[in-house]
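# Per-entry structural report
The lines below spell out each chain.
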There are 2 protein chains.
Amino acid sequence: MILEIAEFNIPTDRAADFESAMIELKTVIGSSPGYWGHTIQRSLETPERYVLLVRWTSLEAHEAGFRGSHAFQAWKARLGAHRDGAVVEHFATILEHEWAFSVSSLTN
Amino acid sequence: MILEIAEFNIPTDRAADFESAMIELKTVIGSSPGYWGHTIQRSLETPERYVLLVRWTSLEAHEAGFRGSHAFQAWKARLGAHRDGAVVEHFATILEHEWAFSVSSLTN
């Protein structure tokens with residue numbers, strides 16, 4: 001399993017539109033093969049900073065599968081200038097411990 | 001709930017000792033009040049980059065509770081120079097979707 005971390009810097013006057021676009025991502029990404037959940041988080045110390053974390057079964061599921069899809073291209077266009085300066089990185093798990101919680105209580 | 005993300009840059013010749021120290025963290029952090037799971041991840045694109053993600057019930061649980069504890073001070077000393085240049089940031093959840101998995105299959 002691979003963890004994708006994408007970092008965004010969003011001026012606060014664009015935060016509402018960015019968050020709307022990120023909420024729309026759920027529909028786009030949720031049915032992608034190899035997708036295994038995601039979360040969007042906003043920094044407490046630097047509110048302009050957001051991170052998107054996505055679990056994938058493999059790097060290929062993200063790079064070739066999702067990014068090669070028409071649905072992603074359409075969502076990328078929707079995201080528009082919010083993507084400027086975004087950084088995307090992939091990680092492999094060294095250790096996980098009690099890293100689970102109730103889905104139903106948190107899913108939007 | 002708060003997500004702590006700590007970033008580390010570890011020269012590859014120190015990776016084995018860093019990973020050992022991070023594995024030891026499990027015992028230290030696992031019993032801290034307000035702790036709700038963590039994972040350690042290593043970058044595929046830049047193997048020197050590691051991220052530690054920890055879920056806390058509140059910012060205070062991390063900042064005042066865990067960081068104020070004797071157990072953390074001892075582990076910090078164990079981590080030693082691996083901490084040089086580390087960055088710690090806290091995040092609030094905007095959205096989570098299917099962000100869960102089997103604990104038993106992944107816990108070390």
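Preceding this section is the structure that the text describes.
The notes below deal with the structure included here. (Residues numbered from 1 in each chain as written. Chains lettered and ligands numbered in written order. Predicted model: local features only at pLDDT ≥ 70, side-chain atom pairs only at ≥ 80, totals over all residues.)

## Concerning the sheet that holds strand β3 (residues 49-56) of chain B
Keep this limit in mind: Any two strands between which DSSP finds at least two bridges are classified as paired. Going along the chain from the N terminus, every DSSP run of H or I of four or more residues is numbered as a helix, and every run of E of two or more is numbered as a strand. To define axes, lines are fitted to C-alpha atoms, for helices over the stretch in contact only, and angles between the resulting N-to-C directions are given on a 0 to 180 degree scale. Note on contacts: residues are paired as contacts if their backbone-placed C-beta atoms lie within 7 Å.
The 8 strands lie next to each other as β1(A)-β3(A)-β2(A)-β4(B)-β1(B)-β3(B)-β2(B)-β4(A), forming a closed barrel whose pairing is antiparallel. For this sheet, the mean inter-axis angle between neighbouring strands, taken without regard to orientation, is 35°. Running over the sheet, helix α2 (residues 59-66) of chain A touches β1 (2-9), β3 (49-56) and β4 (87-97) of chain A and is turned about 55° from β1 of chain A. Running over the sheet, helix α2 (residues 59-66) of chain B touches β1 (2-9), β3 and β4 (87-97) of chain B and is turned about 55° from β1 of chain B.

## Quick look at the interface of chain A and chain B
To keep it simple, the criterion reads: Residues are sorted three ways: Asp, Glu, Lys and Arg are charged, Ala, Val, Leu, Ile, Met, Phe, Trp, Tyr, Cys and Pro are nonpolar, and all the rest, Gly among them, are polar.
Tallying the contact residues gives 36 residues for chain A and 36 residues for chain B. Within the residue set of the side of chain A that touches chain B, elements represented by two or more residues are β1, α1 (15-29), β2 (35-43) and β4 of chain A. At 9 residues, β4 of chain A tops the list of elements feeding residues into the side of chain A that touches chain B. Class assignment for the residues of the side of chain A that touches chain B results in 18 nonpolar, 11 polar and 7 charged. Where β2 of chain A and β4 of chain B come together, 6 bridges link them in antiparallel fashion. Within β4 of chain B, the residue paired with I40 of chain A across the bridge is L95 of chain B.

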